[in-house]
Structure formats: C-alpha cells, structure tokens
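Remarks on the overall topology
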Amino acid sequence: MPDSAFRKTNSTQASCYIAMAIKTFNNSLPMKTIPDKISDIKEKLPDLTPTPPGLKAQASSHDLKARLDWGEPGLTIIDARDFESSTKSRITGAEPMPIDELVDRAKSSLEPVRDIYIYGETDEQTAEAANLLRAAGFRKVAELKGGIPAWKAIDGPIDGAAEHDNPGPDAYNVFSRLEHHAKVQKINK
C-alpha cells in the first residue's frame, strides 16, 4: 500500500473515531430544552423591571398622580375636610372622612397596613389628620402637601359640585363651541 493511501485511510479512520467520540460525549451531556435555554438567557440579563413609586410620609401631588398613573389600586385617598367642602370639590376617588370622625371611620373601613394618602383644608390640618391615623395604628400614611390647590395645579382629576358647572346655553351648540375654540387658538398664537 502506498504511503499516501495509508495516511488517507488512517486519517479517515481517525476522523470517524473523533466523530464517534464527539457524538458519545454529546449524548452523555443532558440536552437543554428551549425553556432551559430561555432561563439561562434571562439570568444573564440585567433586572430592568419598572416599579411603582413608593409611599412617602410627606407626598406631593406628583407622587400621588404617579402612583395612580401606574394603575396601582392598593391605596386609599382620604379627604379630611368637612363634608360641605368635600362635596364642593375633592380629588376623584377620595373618601370623605371629616377629621372629627376620621379615626372611627378609618378603623371601620380600612386595614392598618393600607397605603393612605390624606389631605385637609391646609397642610396643618393634613398633618393633624395624618398623626391621628398614625396614633390609631395605621402604619402607611402619607400627607398630601398642598391639598386640592396643588392637585388642581397638576391637572389631577377632580369631582364635586363646584367643579362641574351647569352647562350654559352654548354647551350643546357645537358650532358655537368650535367658533370659540378657533378664536382662542388665534389669541394664543
């Protein structure tokens, strides 16, 4: 047998032996399934999960709006002003609980671990109401600084009789409303 033919035969046999060894080695390893591969890839990715803003002892209107915009239902907004003020104007979804009834009403309807945002007529009344709730065992109470005026300043949704005036005679006249809108747009340019 010529030398080149001998090398070719041995080379072919060596290639076959290597291929069989690789196949045997691969068969001895556990096969990764697609979910296993996905899990491996996820472990290598950084954690980019967004989280809602947390509760602060003193919260701004922006803090509350951010939580509401997040869509987090796990909070309660309390209006500690008198019923008359609350009826006229209040943050949408706020529960009216006048300060003189606050603790009793809160204890009967809320869990002590509930996130609560509270506001009053002034920041001082807000702080007083928040302290009453904290003294009654409520652990997660945020004082909403600025109350209704601060909430209106950021265009937060408002309910109440004073906020929804009776429509005037032009309210249903679409042409008149469009004409007025066009005039306002020209003035603002």
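It should be noted that the structure appears before, not after, this text.
Because the structure is a prediction, the values reported are computed rather than measured. (Residues numbered from 1 in each chain as written. Predicted model: local features only at pLDDT ≥ 70, side-chain atom pairs only at ≥ 80, totals over all residues. Heavy atoms only, no water.)

Things to note about unusual backbone geometry
- Unusually for a residue other than glycine, Asp155 sits at a positive phi of about 60 degrees.
- Overall, Asp155 belongs to the exposed group, its relative accessible area being 66%. (Buried < 20%, exposed > 50% of the residue type's maximum accessible area, 1.4 Å probe, protein only.)

So, the side chain of Glu143
- Take Glu143: it is sitting in strand E6 (residues 141–144).
- On the accessibility criterion, Glu143 (5% relative accessible area) is buried.
- Once residues lying within four places of it in the same chain are set aside, the contact partners of Glu143 are Ala57, Gln58, Ala59, Ile118, Thr126, Ala127, Ala130 and Arg134. (Helix = DSSP H or I, 4+ residues; strand = E, 2+ residues; numbered from the N terminus. Contact = heavy atoms within 4.5 Å.)

Focus on helix H6 (residues 123–135)
- Over its 13 residues, H6 extends 18 Å from the first C-alpha to the last, a length consistent with the 18 Å expected when each residue adds 1.5 Å.
- Among all positions of H6, only Gln125, Thr126, Ala129, Ala130 and Leu133 are buried. Here the buried residues of H6 occupy an arc of 135 degrees about the axis, which is enough to place them on one side. Residues Glu124 and Ala135 are exposed on H6 and point more than 90 degrees away from its buried face. (Expected span 1.5 Å × (residues − 1). Arc of directions from axis to C-beta.)

As for the pairing of E6
- Along E6, one buried face is formed by Val141 and Glu143 and the opposite face, lined by Ala142 and Leu144, is buried too.
- Where strand E1 (residues 58–59) and E6 come together, two bridges link them in parallel fashion. What sits directly across from Gln58, in E6, is Glu143.
- This β-α-β element, strand E5 (residues 115–119) to H6 to E6, shows right-handed connectivity. (Pairing = 2+ DSSP bridges. Right-handed = clockwise from strand over helix to strand, strands pointing away.)

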